[in-house]
Amino acid sequence: TTAQPSITGTDTDTGLVYGTDEVKIVTGGTERVKIDTNGLKFNGDTAAANALDDYEEGTWTPSINVGTATISSSHYIKIGSIVHLSSVFQNFSNTTSTTPIRITDLPFPRKASTQGVAATFYRSIDIGTQTQLVALMGTAQITFYGMNPGNSATYMELDYQHLTSTTNSQLRFSMIYVTD
């Protein structure tokens, strides 16, 4: 293919500008969007690190570490290095193990020295005197904790024995984390 010639103009130009290694959308002489060898950039940004170079969405197949569960609504969206994922777990086969609940087989690994935290919703789970249920991302897994936030925060890992019903216990979460 033959490269398109560069188009230059005045600060009042508006339109689509084709270059040999980039395409720009310009309005009123101001660059709004550019696609170059680094990816998609906005508002005249030239830094390669700020280029959007990846977008993906789909489903994922998480696993639990003890027994089985019905797992549904497992979706993810990856924009650049930011991953948003969500899932629903219910109908757990084991509600007696003292093993902490762990979710594995994440769609993307977590970047070292970063953390992922989730918004959670739960049903038929006894977290005792703890007031909140949170999910934290480890190196390659998600762990749930019942906790009392504050200066003297207390917490406990959520074990399968905290599930009070094999048919009604439910964990829902939505998490954001950073990947490489």
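Preceding block: the structure.
Cut-offs applied
- Residues numbered from 1 in each chain as written.
- Predicted model: local features only at pLDDT ≥ 70, side-chain atom pairs only at ≥ 80, totals over all residues.
- Heavy atoms only, no water.
- Phe/Tyr/Trp six-rings, centres within 6.5 Å; stacked < 30°, edge-to-face > 60°.
- Helix = DSSP H or I, 4+ residues; strand = E, 2+ residues; numbered from the N terminus.
- Buried < 20%, exposed > 50% of the residue type's maximum accessible area, 1.4 Å probe, protein only.
- Lys NZ or Arg CZ within 6 Å of the ring centre and 35° of its normal.

Peer 1: Can you walk me through the packing of aromatic side chains in this structure?
Peer 2: Two measures describe an aromatic ring pair: the distance that separates the ring centres and the angle between the ring planes. Applying the stated criterion across every chain yields a total of five aromatic pairs. For the ring pair Phe89 and Phe173, a centre distance of 6.2 Å and an interplane angle of 20 degrees mean the geometry is stacked. Placement of Phe89 in strand S8 (residues 82-90) and of Phe173 in strand S14 (residues 170-178) is noted, with a sequence separation of 84 residues between them. Of the residues examined, Phe89 reaches a relative accessible area of 0% and is grouped as buried. When its relative accessible area of 3% is taken as the criterion, Phe173 is described as buried. A centroid spacing of 6.4 Å and a plane angle of 70 degrees characterise the contact between Phe92 and Tyr160, whose relative ring orientation is edge-to-face. Of this pair, Phe92 sits in the loop between S8 and strand S9 (102-104) while Tyr160 is found in the loop between strand S13 (154-157) and S14, placing the two residues 68 residues apart along the sequence. Tyr160 matches Phe92 in its accessibility class, with the two residues each being buried. Cluster of aromatic residues (ring-pair linked, three or more members): Phe89, Phe144 and Phe173. Sitting over the ring of Phe108, Lys78 keeps its end group 5.5 Å from the ring centre.

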